[in-house]
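Take a look at the letters that make up each chain.
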Amino acid sequence: SEWIWSMPRRTWERTAHLGDVTVRSFDEADRREVVELWHETGLYRPWNDPDRDIDRKRAHSPEGLLVADSDGAVVGSAMVGYDGHRGWINYLAVSPHHRGRGVAARLVSEAEVWLALQGCPKINLQVRPDNHEAAELYRHLGYEPFDTADLGRRLIFESDPDGGSGVGTAAWGGDAVRCAGERG
């Protein structure tokens with residue numbers, strides 16, 4: 001594996017190999033395949049625009065969007081983040097044709113390395129209740145459930161039930177703010 005850390009853009013790359021699979025940083029040319037993978041693996045939800053999620057990640061910390069590549073095809077992904085208190089792994093996905101080969105474990109391992117280099121003391125995960133396969137994978141990798149409540153609040157509404165404009169309203173401190181997401 002090779003590490004590259006450069007400033008001031010804070011780019012990070014590590015290329016790790018697992019048989020014919022290479023884990024590396026996302027490249028814009030991967031976008032279509034990553035979005036298709038999220039659809040194929042059931043991670044897509046209508047209220048989360050995958051292109052906007054990728055755009056936001058690339059604007060914030062692009063080095064934390066990892067892909068598993070097999071002969072030039074994207075077969076896995078992980079979106080990794082650190083907020084200064086906890087690390088997060090989202091969008092962990094592996095193509096059904098590449099499951100059982102250690103690809104998910106390798107993506108998690110690479111995410112853990114990236115987070116450790118950031119000084120992250122702990123990783124939190126969110127796994128949907130019906131995703132038993134993911135929960136079992138994480139348990140196998142040493143993650144354990146904690147008795148906590150998972151709460152959330154949407155700040156940007158990217159679509160309405162009728163498939164509308166992607167404009168939403170969010171409120172902070174009682175003040176309503178109109179948000180419009182433009183795709184560039």
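Cut-offs applied
- Residues numbered from 1 in each chain as written.
- Predicted model: local features only at pLDDT ≥ 70, side-chain atom pairs only at ≥ 80, totals over all residues.
- Heavy atoms only, no water.
- Helix = DSSP H or I, 4+ residues; strand = E, 2+ residues; numbered from the N terminus.
- Buried < 20%, exposed > 50% of the residue type's maximum accessible area, 1.4 Å probe, protein only.
- Contact = heavy atoms within 4.5 Å.
- Areas by Shrake-Rupley, 256 points an atom, 1.4 Å probe, with all protein chains shown as cover.
- Arc of directions from axis to C-beta.
- Phe/Tyr/Trp six-rings, centres within 6.5 Å; stacked < 30°, edge-to-face > 60°.
- Lys NZ or Arg CZ within 6 Å of the ring centre and 35° of its normal.
- Core = buried A, V, L, I, M, F, W, Y, C linked by side-chain atoms within 4.5 Å.

Chemist: Looking at this structure, I do not really get the overall build of the protein. What am I missing?
Modeler: The secondary structure content of the protein amounts to 4 helices and 9 strands. Going from the N terminus to the C terminus, the protein shows its helices and strands as β-β-β-α-α-β-β-β-α-β-α-β-β. The 184 residues of the protein split such that 38% are buried. Here the analysis covers contacts within the protein between residues at least 6 apart in sequence; of these, 57% occur between residues at least 24 apart. In the form shown here, the protein has an accessible surface area of approximately 11100 Å², with 51% of it arising from carbon and sulfur atoms.

Chemist: Sorry, what's going on with helix α1 (residues 31–40) here?
Modeler: Along an α-helix, residues three or four positions apart point the same way, because every turn accommodates 3.6 residues. Here α1 has its buried residues at R31, V34, V35, L37 and W38. Looking down the long axis of α1, one finds its buried residues gathered within 155° of arc, a one-sided arrangement. Considering only its buried residues, α1 is in contact with α2 (50–60), β4 (65–70), β5 (73–82) and β6 (87–94). Phi turns positive one or two residues past the end of α1, at G42, with a value near 80°.

Chemist: What is the right way to look at the side chain of H98 in this model?
Modeler: Summarising the element assignment, H98 is placed in the loop between β6 and α3 (103–117). Discounting chain neighbours no more than four positions away, the residues touching H98 are V21, S70, V75 and V103.

Chemist: Would you explain the packing of aromatic side chains in this entry?
Modeler: Each aromatic ring pair is summarised here by two numbers: the centre-to-centre distance and the angle between the ring planes. Enumeration over the complete set of coordinates arrives at 2 aromatic pairs. Measuring from ring centre to ring centre gives 5.5 Å for Y138 and Y143, while their planes differ by 70°; the resulting arrangement is edge-to-face. When its relative accessible area of 15% is taken as the criterion, Y143 is described as buried. The lysine or arginine in question, K122, covers the ring of F146, its NZ or CZ lying 4.4 Å from the ring centre.

Chemist: Please explain the nonpolar core as it appears in this structure.
Modeler: Where a protein is soluble and globular, its nonpolar side chains tend to be buried together. Judged by nonpolar contacts, the single largest core of 21 residues is most densely connected at A68, V80, I89, L92 and L107. Examining the composition of this core, we find that 7 residues originate from one element, α3, more than from any other.

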